[in-house]
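Survey of secondary and tertiary structure
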Amino acid sequence: AMQQFLTHATDAQSWLIEGHDALTEAYSHMDDSDLGDAEDDVERVKTAADQVSEPIEAIGTGSEGSPASAVDAIDADEHDAKVAQLTDESEVLTTLADDAEDIRNGVTLLSRARDEIDDDRTDRAADTAERAYDTLNDAEDRLDDLLDDFPERAGAFETVAEDLRYLASRNADDADNIYEQYS
């Protein structure tokens, strides 16, 4: 039971690290308006969020009670704390995957609105900017809610969540400015 726990915990941790790295890269690419690479990064985040669920589920249902009692190296409290940490991080990763996808969609719409302005299609740019604002503002609101009650055990994801909230906020403001100017 302990060997299975350690195998699943290691697998989950690997996917969480991959998800964190992909979120960080997605933020950087979106911040640099490199939307093609950002899309690839968001897909990596979504894959990591999907893949981490299997080992997390296996840990949660793999045994009755803690397998920690079988060895002296880890006690039941440490086992339970690790399960709780992995579960919290998995849930936060899934939430951030959805938010990152919405932010990328919003930034893409904002970029399209700017292109429409350049093409002298300002009415269309205003509509596109309004959609960008709605998408980005919704993501910002969800990130605000998450950060207001951030799971302590998922602290590894807090900085990237703050970065994504800032990115959503800044781009929502830009979209709102375009909408106000051209509507």
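Scope of this entry: the structure provided in the associated data block. The shown structure was predicted, so the numbers you read here are calculated from the model rather than taken from an experiment.

**Considerations on the overall build of the protein**
Scanning the protein from terminus to terminus reveals five helices and zero strands. Beginning at the N terminus, the succession of helices and strands in the protein can be written as α-α-α-α-α. Compactness check: the protein gives a C-alpha radius of gyration of 20 Å against a globular reference of 16 Å for 183 residues, more than 25% above the reference. Here the C-alpha coordinates of the protein stretch approximately 70 × 30 × 20 Å along the principal axes. Within the protein, contacts between residues separated by at least 24 positions form 77% of all contacts whose residues are at least 6 apart in sequence. Accessible surface for the protein amounts to roughly 9,600 Å². Of this, 39% is attributable to carbon and sulfur atoms. Across the protein, the centroid of the 13 positively charged side chains sits 7 Å from that of the 52 negatively charged ones.

**So, the side chain of Asp41**
Topologically, Asp41 is positioned in helix α2 (residues 35–61). Asp41 sits in the buried class, given a relative accessible area of 5%. A polar side-chain atom of Asp41 sits 3.4 Å from the main-chain amide nitrogen of Ala26. With residues up to four places along the chain from it excluded, the contact list for Asp41 reads Ala22, Glu25, Ala26 and His29.

Reading guide: rules and limits
- Residues numbered from 1 in each chain as written.
- Predicted model: local features only at pLDDT ≥ 70, side-chain atom pairs only at ≥ 80, totals over all residues.
- Heavy atoms only, no water.
- Helix = DSSP H or I, 4+ residues; strand = E, 2+ residues; numbered from the N terminus.
- Rg over C-alpha atoms; globule rule 2.2 N^0.38 Å.
- Contact = heavy atoms within 4.5 Å.
- Areas by Shrake-Rupley, 256 points an atom, 1.4 Å probe, with all protein chains shown as cover.
- Lys, Arg positive; Asp, Glu negative; His and termini not counted.
- Charge placed at Lys NZ, Arg CZ, Asp CG, Glu CD.
- Buried < 20%, exposed > 50% of the residue type's maximum accessible area, 1.4 Å probe, protein only.
- Polar contact = N/O pair within 3.5 Å; in protein donor to acceptor, adjacent residues only side chain to side chain.

Honestly, that's just the spatial picture; any functional story needs more than this.
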